[in-house]
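Inside the fold
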Amino acid sequence: MSDTLKKLQQSIESGKINQASPYPPNMKNQIGADELTKQALDEGIEPETIVNQAMIPAMDFVGQKFAEQKLFVPQMLMSAKSMSAGMEHIKPFFKSGAMKKKGTFLIGTVFGDLHDIGKNLVKMMIEGAGWEVIDLGVDVKTERFVETIEQNDIQAVGLSALLTTTMVNMKPIIEAIRQINPEIKILVGGAPVNEAFCQEIGADNYSPNPKAAVNYLNSVF
Amino acid sequence: MAAGEQVTTNVNQFTVKVHHQFQFKDLQITSQEVGRAMNLSRKEIDGFKPMIEAILSDLKSADGLECGMIIFPVDDLGTNDWITVDSVSLAVGKTIKQKLSGAQVIAIFICTAGSELSSLPEQLMKTENYIESHIAETIGTLAVEKLANKLHHQILPNSGLNFTNRYSPGHCEWPLDDQQKLFSLLPDNFCDIHLTESLMMQPTKSLSAIIGLGATVKYEKDDCKYCDYQPTCNYKFFRKTQIADYQNLATSNP
Ligand code: B12
């Protein structure tokens, strides 16, 4: 792998956005994902290679460390931010059709619930894995999920709930989605959710963390 | 007590009402504290500092922070896993009931960081400023916890009674549905916090809780052990600040 791609991967793993960014303190004044992505493109490396060989593996690594509780939310967010700084240079290739997204993922915290820290992480990791993500936010009613599915080409949906009183709200949402499109894969997550509950409400997958969700999507699509 | 309006009235012969309003700057939240609450090491905080300070500075004039409580005497806590306060029965469950037993007085309290602080994380999320959103999120939670600590560790000790930890609807076996009953014990629009149809408090950065006071009850420093969510909990710093406030109460009292 080219030296630039290696450095890009390292920058994303350690959350180095660009030269001006003071984080992480031990990489002060060094260039970051922003400059390195541009450099890689200037060197003639294909955008697809940059994404697949540097960016996705970097986010994969970060997701794994997070799952092992060796990294926390802020470090993961810094990595996601450096990845998106690099992505800014790749975006024009998506627009021109030279590169394709893996699909569109719809995510939201179910109605009655306002906890969204976990949902936001899942959103970012799935974006980082090459998906377009539509985020409906918190306290999302069944009708909003249904409307959004009707208006967009959605392949998978993620539902988040952090309260034992709101995880039951996943069931009517899943039933409504199945009625309009039984093909859509539905992932559920959040601290009180588990595998048994996932099966009980007829979801396709329970993932305890964003990395597991990405692994599942990769295995299906 | 920090700046802010203080209204302490005898609502009737028995109940006591406490209500305080603050500005964000009264809480004196520092970038160090925010960094520690985000589980960052001291070294890492340096890298985040410019971002944290920018947000703290944007919030300089934020207001609408309020906290208040109603204190009820109780003759009989009720049987089983319930407690009855002013004829309202709360299904606190076995664990909390055990902690509250022996209480002669019950404090029902709510606090909010206000709508500006509560809506900032979402606004920043919408503009894809994820990390800033998380910082704002942490600041909001820190603000709510600090307000709760003021009631819990600065005002309640003045009663001369011992007090328990604070417990919220949704904690341990206490169903979240009881939020409605808890709010029925408070005056209308108290602290400007409202319950939505789905029983969530608005503004979102709000907290509701119950504390028992009495000669025999006690505050437990390690109450995390009663919680099922320990493995995924990123709340440990907030616990530590609360314990520090508890320990400092003698010196911080007015
Ligand atoms: C942070 C937090 C809050 C914040 C929310 C901020 C926000 N924007 O989300 C604030 C302070 C506002 C809050 C408030 C309340 N909270 Co709260 N909160 C928490 C806390 C401490 C952490 C949640 C969190 O963010 N974890 C970190 C993230 C990264 O983890 P996560 O959410 O689990 O997500 C991960 C996985 O689950 C998974 N995942 C999540 N979603 C999805 C979705 C998909 C599709 C997939 C695949 C995976 C996935 O991936 C994520 C990353 O690994 C939990 C306790 C806990 N340890 O879980 C309590 C907790 C959820 N809260 C609880 C309660 C009760 C409340 C209140 C109702 C308390 C009250 N009465 O005042 C209030 C409600 C406020 C209101 N306005 O009405 C209870 C719920 C208990 C229950 N019976 O259900 C908990 C469990 C605390 C407890 N010990 O009892 N809370």
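Above this text is the structure in question.
Small disclaimer: the values here were computed from a predicted structure and weren't measured.

**Some words on the site of the ligand**
- Within the structure, the ligand sits among 44 residues, and H115(A), D116(A), S160(A), T164(A) and M201(B) are positioned closest to it.
- Mapping the residues near the ligand onto chains gives chains A and B.
- A distance of 2.6 Å is found between an oxygen atom of the ligand and a backbone nitrogen or oxygen belonging to M201(B).
- The separation between a nitrogen atom of the ligand and a polar main-chain atom of T204(B) is 3.0 Å.

**Observations regarding the interface of chain A and chain B**
- Across the contact, 25 residues belong to chain A and 25 residues belong to chain B.
- Both sides together, the interface formed by chain A and chain B hides about 2,200 Å², and carbon and sulfur atoms give 67% of it.
- Taken together, chain A and chain B are joined by 1 salt bridge.
- Taken together, the connections running from chain A to chain B amount to 4 residue pairs in polar contact (both at pLDDT 80 or more).
- A total of 6 residues in the side of chain A that touches chain B trace back to one element, the largest contributor, which is helix α4 (residues 73-95) of chain A.

**Describing the coordination of the cobalt atom of the ligand**
- Protein coordination of the cobalt atom of the ligand is limited to a single donor, H115(A) (NE2), which sits 2.3 Å from the metal.
- Mapped onto the elements, H115(A) comes out in the loop between β1 (104-109) and α5 (117-128).

**Digging into the packing of α4(A) against helix α5 (residues 130-155) of chain B**
- One can describe the packing of α4(A) onto α5(B) by two numbers: an axis separation of 9 Å at closest approach and a directional angle of 160°. In this view, α4(A) runs roughly antiparallel relative to α5(B), as classed from their interaxial angle. Counted together, V73(A), P74(A), L77(A), M78(A) and K81(A) of α4(A) and Y130(B), I131(B), E132(B) and H134(B) of α5(B) form the full contact between these two elements.
- When the residues that make up the contact of α4(A) with α5(B) are grouped by side-chain class, the tally is 6 nonpolar, 1 polar and 2 charged.

Reading the values: the criteria
Residues numbered from 1 in each chain as written. Chains lettered and ligands numbered in written order. Predicted model: local features only at pLDDT ≥ 70, side-chain atom pairs only at ≥ 80, totals over all residues. Heavy atoms only, no water. Near = heavy atom within 4 Å. Polar contact = N/O pair within 3.5 Å; in protein donor to acceptor, adjacent residues only side chain to side chain. Contact = heavy atoms within 4.5 Å. Buried area = accessible area lost by both parts, 1.4 Å probe. Salt bridge = Lys/Arg side-chain N within 4 Å of Asp/Glu carboxyl O. Helix = DSSP H or I, 4+ residues; strand = E, 2+ residues; numbered from the N terminus. Donors = N, O, S within 2.8 Å, 3.2 Å for Na, K, Ca; no water. Axes fitted to C-alpha atoms, helices over the stretch in contact; angles between N-to-C directions. Parallel < 35°, antiparallel > 145°, perpendicular 65-115°, else oblique. Nonpolar A, V, L, I, M, F, W, Y, C, P; charged D, E, K, R; others polar.

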